[in-house]
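Analysis of the macromolecular model
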Amino acid sequence: MNLGGPPNPYNYMKVSGLCHTDPLASTGKDTQATTMQVRSDDGYCAVEVRKPDGHAYASFGVSPAPEHGKAFIYNYNDHTYVTYTANTAYAGNDTFRVQLIRGEKEPRDTLNITAHVEAPGVGTAAK
């Protein structure tokens, strides 16, 4: 899903100048993956995820964490958002895994994210 930016209950967050996410793709039982293109300009790129019933996840975590940026996950208005902010001036790829917890005694979902990061001032053709 392409968001451009989710609702921002945290006024200090800004959207990256480049933020494109591919649609979520199933890669196995309870596992999905997506790729995002983002610029390392201190802005975030986000993807929205929901439980199979369409509601927000009860809890979540990141393991392993991205090596070249930070992931932030939050619920807002019954939606779950996963954001990624690349380290300033980094260029290259970064990966991380999000564990999404539906609820007590329910299966967990996994979301694998690959971020293709470009440094500010570096242009590439969009896919």
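Here, the structure is the one placed above.
Here we summarise the structure given alongside this text. (Residues numbered from 1 in each chain as written. Predicted model: local features only at pLDDT ≥ 70, side-chain atom pairs only at ≥ 80, totals over all residues. Heavy atoms only, no water.)

1. Remarks on the overall build of the protein
Helices and strands together make up the secondary structure of the protein, namely zero helices and nine strands. Buried residues in the protein amount to 39% of all 127 residues. Intrachain contacts of the protein at a sequence separation of at least 6 include 61% that bridge at least 24 residues. (Helix = DSSP H or I, 4+ residues; strand = E, 2+ residues; numbered from the N terminus. Buried < 20%, exposed > 50% of the residue type's maximum accessible area, 1.4 Å probe, protein only. Contact = heavy atoms within 4.5 Å.)

2. Let's talk about the state of the cysteines
Counting across every chain of the model gives one disulfide. In this model, Cys19 is linked to Cys45 through a disulfide, with the two sulfur atoms separated by 2.2 Å. Between Cys19 and Cys45, the S-S dihedral sits near 80 degrees, and the bridge is therefore right-handed. Here Cys19, found in strand E1 (residues 19-21), pairs with Cys45, found in strand E4 (residues 44-49); they are 26 residues apart in sequence, far enough to count as distant. This pair shows no difference in class: Cys19 is buried, exactly as Cys45 is. (Disulfide = S-S within 2.5 Å.)

3. Some points on the pairing of E4
Counted residue by residue, E4 has six buried out of six residues, so it is predominantly covered. With burial as the criterion, each face of E4 is covered, one bearing Tyr44, Ala46 and Glu48 and the other bearing Cys45, Val47 and Val49. Here E4 runs beside strand E7 (residues 79-86); their pairing, made up of six bridges, is antiparallel. Bridge pairing in E7 links Glu48 to Tyr81. (Pairing = 2+ DSSP bridges.)

4. Focus on the pattern of salt bridges
As enumerated under the stated definition, the model contains six salt bridges in all. Asp30 serves as the salt-bridge partner of Lys29, at 3.4 Å between the closest nitrogen and oxygen. When its relative accessible area of 74% is taken as the criterion, Lys29 is described as exposed. With a closest N to O distance of 3.7 Å, Asp53 and Lys51 form a salt bridge. (Salt bridge = Lys/Arg side-chain N within 4 Å of Asp/Glu carboxyl O.)

None of this, on its own, says anything about what the molecule does.
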